[in-house]
Amino acid sequence: MKKQIIFVADDFGMNSQINEAILHAHLSGNLHAAALMIGQSETKEAIAMARTHPQFQVGWHLHLNDSFPVTLEKWPWGASPARAGLSLSLSRKSCAIVQKEIARQWELFQETGLPCQFVNSHHHLHAHPTVYRMLVEVLGPDFTGWIRLGRVRFFQSMLPLLSTAHMIDTLFQRERKLSTWRTPDTLWGLDRLFAMKADEVRAAVSALPDGFHEFLFHPRTLSCPDTQCLLELKSLPMD
């Protein structure tokens, strides 16, 4: 397999500023794909943007916290991914809530008519064993996209062994061993959330071996660091 690089933006549909930044980074920069949040304040706007630009890849950004649910008024665990994960580990009621929510979000994504190229999640909760099992059931054996379970790589040379990124990587690798779907070989950006740097991305891309590699971005405004990074990477050779 030759080297394949994909730059992905999360939170498409969360609000108009994010939508505008993501589309601008795609049209004027080097953004290849965006993960769509269902049932948020500007999901409909994001869907319209995606339909107008069919070359832009769209995936499903499952959300189970820090967002507006589609099957209930608010999350019982609030915005915290840690509380959400703990509730899923301890409470059958929480599991029932999440199972219903996952199924409904997937139904609503399918109703958009957009091809689902990949799946990931808000705060990476798809790597939770319970959530991952539910995703397998909902997506079924015919899903042909890929899922974010790449080996986490760091731009920084030294990170605490117990950092959040390391813990996410541990969960990713557990589910990666079980996955029958395609997964990236590496995932970059967890140590540069909302602060991606073009020089670091260029250096990482140039040193990568053959394989499938994902870089994660969070464009927030037209002038935020991640948007500007993607604009600076416009002319980056991808292989």
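You'll find the structure just up there.
Residues numbered from 1 in each chain as written. Predicted model: local features only at pLDDT ≥ 70, side-chain atom pairs only at ≥ 80, totals over all residues. Heavy atoms only, no water.

(A) A look at the nonpolar core. If you look at the biggest cluster of nonpolar residues, it comprises 66 residues, and the most contacted ones within it are Phe7, Phe12, Leu36, Trp60, Ile102, Val201 and Phe215. The dominant element in this core, judged by the number of residues it contributes, is helix H4 (residues 92–111), at six residues. Setting aside residues up to four positions removed in sequence, Trp60 forms contacts with Leu36, Ile38, Ile102, Gln105, Trp106, Phe109, Cys116, Phe118, Val119, Asn120, Leu135 and Leu139. (Core = buried A, V, L, I, M, F, W, Y, C linked by side-chain atoms within 4.5 Å. Buried < 20%, exposed > 50% of the residue type's maximum accessible area, 1.4 Å probe, protein only. Helix = DSSP H or I, 4+ residues; strand = E, 2+ residues; numbered from the N terminus. Contact = heavy atoms within 4.5 Å.)

(B) Looking closely at helix H2 (residues 43–52). Those residues of H2 lying buried are Thr43, Ala46, Ile47, Met49 and Ala50. Looking straight down H2, one finds that the buried residues subtend no more than 160° of arc, so they occupy a single side. Across from the buried face of H2, at angles greater than 90 degrees, the exposed residues are Lys44, Arg51 and Thr52. Check the buried side of H2 and you find it contacts strand E1 (3–12), helix H1 (16–28), strand E2 (33–36) and strand E3 (57–62). (Arc of directions from axis to C-beta.)

(C) Just the pattern of salt bridges, in detail. A complete count under the given rule lists 10 salt bridges for this structure. Of the charged contacts, one joins Asp10 and Arg148 as a salt bridge, the two residues approaching to 3.0 Å between their closest N and O atoms. Of this pair, Asp10 sits in strand E1 while Arg148 sits in the loop between strand E5 (146–147) and strand E6 (151–153), and the two are 138 residues apart along the sequence. Arg148 shares its class with Asp10; the two are buried. Between Arg133 and Glu137 there is a salt bridge, with its nearest N and O atoms 3.6 Å apart. Here Arg133 and its partner Glu137 are both found in helix H5 (residues 129–139), four residues apart, which amounts to about one turn of the helix. Residue class for Glu137 comes out partly exposed when judged on its relative accessible area of 49%. (Salt bridge = Lys/Arg side-chain N within 4 Å of Asp/Glu carboxyl O.)

(D) Region of interest: the environment of Phe212. Mapping Phe212 onto the fold places it in strand E8 (residues 211–217). Dropping the residues within four chain positions of it, Phe212 is found in contact with Met1, Gln4, Ile6, Trp146, Arg182, Thr183, Pro184, Asp185 and Thr186.

(E) Molecular detail of the pairing of E1. The buried fraction of E1 amounts to nine of the 10 residues, a majority that puts the element mostly inside the structure. Bridge count between E1 and E8: seven bridges; the pairing is parallel. Opposite Phe7, over in E8, you have Phe215 as the bridge partner. With three bridges joining them, E1 and E2 adopt parallel strand pairing. Bridged to Ala9 within E2 is Ala34. Where the polypeptide runs from E1 across H1 and back to E2, its parallel neighbour, the crossover connection is right-handed. (Pairing = 2+ DSSP bridges. Right-handed = clockwise from strand over helix to strand, strands pointing away.)

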